[in-house]
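Summary of the model geometry
Read off the chains here:
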Amino acid sequence: SSGINAEYGRKRLIGKKVSVSVDYVKPANNGYPERQYASVFLGAQNIQEALVSKGLATVVMHRQDDDERAANYDVLNAAMDKAKKNRVGVHKGGEPPVHKV
């Protein structure tokens, strides 16, 4: 859920120096502008991997021959598999949490 992800980001990242590594660029297509996809690091910690391992994000599946994916795609998938096995975050099952807006 985006509220939990935003809170995680606020607590861990605001005011911190992060590094960004562009994984790939998707060219403009069908009226959509060019988009850059990147990995974000806080020191040596990959933030995407941290979110996925806590069940706060999921990994978009790609074909085996698709080069337009995260540089650490296999690591992210392993983190998601572990989160599913441990039933954490979005993988808990049951009713989704209610967020007040």
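See the structure shown above.
A few points on the structure. (Residues numbered from 1 in each chain as written. Predicted model: local features only at pLDDT ≥ 70, side-chain atom pairs only at ≥ 80, totals over all residues. Heavy atoms only, no water.)

Notes on the sheet that holds strand 1 (residues 19-26)
Sheet strands pair via backbone hydrogen bonds, and the direction of the pair is either parallel or antiparallel. With respect to topology, 3 strands assemble into an open sheet ordered 1-2-3, the strand pairing being antiparallel. Looking along the sheet, the strands with just one partner apiece sit at the ends: strand 1 and strand 3 (45-46). (Pairing = 2+ DSSP bridges. Helix = DSSP H or I, 4+ residues; strand = E, 2+ residues; numbered from the N terminus.)

Considerations on the side chain of His91
Relative to the helices and strands, His91 is located in the segment after helix 3 (73-86). According to the relative accessible area criterion, His91 is buried, its value standing at 14%. Not counting residues within four places of it along the chain, the set of residues in contact with His91 comprises Gly55, Thr58, Met80, Ala83 and Lys84. (Buried < 20%, exposed > 50% of the residue type's maximum accessible area, 1.4 Å probe, protein only. Contact = heavy atoms within 4.5 Å.)

Here we look at the packing of aromatic side chains
Geometrically, a pair of aromatic rings is defined through the distance of the ring centres and the angle of the planes. In the structure shown here, the tally under the stated rule is 1 aromatic pair. Taken together, a centroid distance of 4.7 Å and an interplanar angle of 10 degrees make the contact between Tyr24 and Tyr37 stacked. Residue Tyr24 is located in strand 1, and its partner Tyr37 is located in strand 2 (residues 35-42); the two are separated by 13 residues in the primary sequence. Looking at Tyr24, the relative accessible area reads 14%, which means it is buried. Owing to a relative accessible area of 25%, Tyr37 belongs among the partly exposed residues under this scheme. (Phe/Tyr/Trp six-rings, centres within 6.5 Å; stacked < 30°, edge-to-face > 60°.)

So, the nonpolar core
Val52, Val59, Tyr73, Leu76, Ala79 and Met80 form the largest nonpolar core, which has 6 residues in total. Counting residues per element, this core draws most heavily on helix 3, at 4 residues. Leu76 has contacts with Gln48, Glu49, Val52, Val59 and Ala70, leaving out every residue within four places of it along the chain. (Core = buried A, V, L, I, M, F, W, Y, C linked by side-chain atoms within 4.5 Å.)

Some remarks on the environment of Asp81
In this structure, Asp81 sits in helix 3. Given the relative accessible area of 47%, Asp81 is considered partly exposed.

Topic: helix 3
With 14 residues, helix 3 extends 20 Å between its outermost C-alpha atoms, agreeing within 8% with the 20 Å of an ideal straight helix rising 1.5 Å per residue. Regarding helix 3, the residues found buried are Tyr73, Leu76, Asn77, Ala79, Met80 and Ala83. Projection of helix 3 onto a plane perpendicular to its axis shows the buried side chains occupying an angular sector of 160 degrees, all on one side. Residues of helix 3 that are exposed and point over 90 degrees away from its buried face: Asp74, Lys82 and Lys85. Residue Arg87 follows helix 3 closely and has a positive phi angle near 50 degrees. (Expected span 1.5 Å × (residues − 1). Arc of directions from axis to C-beta.)

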